[in-house]
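Listed below are the residues making up each chain.
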Amino acid sequence: MTPEAHALPGVSYVIPVLNEVSYIGNAIRTVLAQDYAGDVEVILALGPSTDGTNEVVNGFAAADPRIVTVLNPDTDIPVGLNLAIRASKYPIIVRVDAHSELEPSYTRRAIETLDRTGSANVGGVMKAQGKTPFQSAVARAYNSRFGLGGGSYHGGAEEGPAESAYLGVFRTEVLKEVDYFDETIRRGEDWELNLRIRAAGHSVWFDPSLEVTYWPRESWTKLVRQFCATGIWRGELVRRYAGRNPWRFFAPPALVLALVLSVVVFVLQVTGVLTGWASVLLSLVYAGPAAYLVLLLLLSFSRAGGPGWPDRWRFFLVLPTMHLSWGVGFIVGVIRGARDTTDTSRTGI
């Protein structure tokens, strides 16, 4: 090992895994292909996969001593992350998603940014991609500021302090200081962790030069399940943290409520129950859904919607699927809490 490598901090990559046989191999390969010269280890928290994922991971581990595994029978992402972090031995933690692929310079640049800014966590841009027409439509929605609400790691804002970070490159000492991920939160655990990191006086930093490829869900049912579960847990986080949640998280549930009210008003109008000035005044409820539809049409059937008409129609359907699933889930989460909600798009149930 060169003197330069000895001077670099060791890095522990942590990856929670459950039923990712189509993706985990490439995720591991991009980790091992990093151009970082320091010591590294890869720790995978294996859930009870039923699709052959664990056999693939064990094959990688048998071929490379830098790859180790820990068992995560609870399946939950934050539990798996904590198990992997506690099993790690290096001062830098790089979170990796089984659906993600790191650019070769990702680790090196992230650690340079950590050193330059003094931050506790650094994240970059999620670049969603698709292998099928449907997955490509979902990827375009992910990459659109209209799709996922304009978070810096989706829209690629300027470098600087951030509310949260996609995946994240952390100082292990800070994770220990704030007591790791909250294992009672099954979705949105990254946002909540970064909230505590910032509350402890540390900074979270966004660096747009860091790019990570992300492969979204491959089917309508998985997409609906994922976004509904995510919305439920965001509702739970609103119950726990109230005013600390950004305004953009309230847009999808507002759309759902506006649509429900529009249907109610429409039925009352056509049945003659609602007439006169009251009918005119309550017709204002149509403004929100109408504006959403116009914006959806303009975006879907522009270049942003895809290269061809079938792509644009898929995009036109994918966007409201994401927004409405998330919004319905959010309302459920706010009303009753998340309870034991899980993301069944991962478990296959």
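Residues numbered from 1 in each chain as written. Predicted model: local features only at pLDDT ≥ 70, side-chain atom pairs only at ≥ 80, totals over all residues. Heavy atoms only, no water.

1. Digging into the nonpolar core
Counting residues in each nonpolar core, the largest one holds 64 residues, and the members touching the most others are Tyr-13, Ile-24 and Leu-44. Not counting residues up to four positions away in its chain, the partners in contact with Leu-44 are Ile-15, Val-17, Ile-24, Ile-28, Val-57, Ile-67, Val-68, Thr-69 and Val-70. Counting residues in hydrophobic clusters, the runner-up holds 20 residues, among them Ile-85, Ala-120, Ala-165 and Leu-175. (Core = buried A, V, L, I, M, F, W, Y, C linked by side-chain atoms within 4.5 Å. Buried < 20%, exposed > 50% of the residue type's maximum accessible area, 1.4 Å probe, protein only. Contact = heavy atoms within 4.5 Å.)

2. Quick notes on the packing of helix H6 (residues 133-143) against helix H15 (residues 309-336)
Where H6 meets H15, the axes come as close as 9 Å, and the angle between the chain directions of the two elements is 60°. The angle between H6 and H15 places the two elements in the oblique class. The hand of the H6/H15 crossing is right-handed. Contact residues: Pro-133, Phe-134, Ala-137, Val-138, Arg-140, Ala-141 and Tyr-142 in H6; Asp-311, Arg-314, Phe-315, Val-318, Leu-319 and Met-322 in H15. The residue inventory of the contact of H6 with H15, partitioned by class, reads 10 nonpolar, no polar and three charged. (Axes fitted to C-alpha atoms, helices over the stretch in contact; angles between N-to-C directions. Helix = DSSP H or I, 4+ residues; strand = E, 2+ residues; numbered from the N terminus. Parallel < 35°, antiparallel > 145°, perpendicular 65-115°, else oblique. Left-handed = near helix turned anticlockwise from the far one by under 90°. Nonpolar A, V, L, I, M, F, W, Y, C, P; charged D, E, K, R; others polar.)

3. Focus: the confidence of the model for the protein
On average, residues of the protein carry a pLDDT of 92, and 95% of them reach 70 or more. Here helix H8 (residues 152-155) stands out as the element of the protein with the lowest mean pLDDT, 54, in contrast to strand E4 (residues 92-95), whose mean of 98 is the highest. (pLDDT = per-residue confidence, 0-100.)

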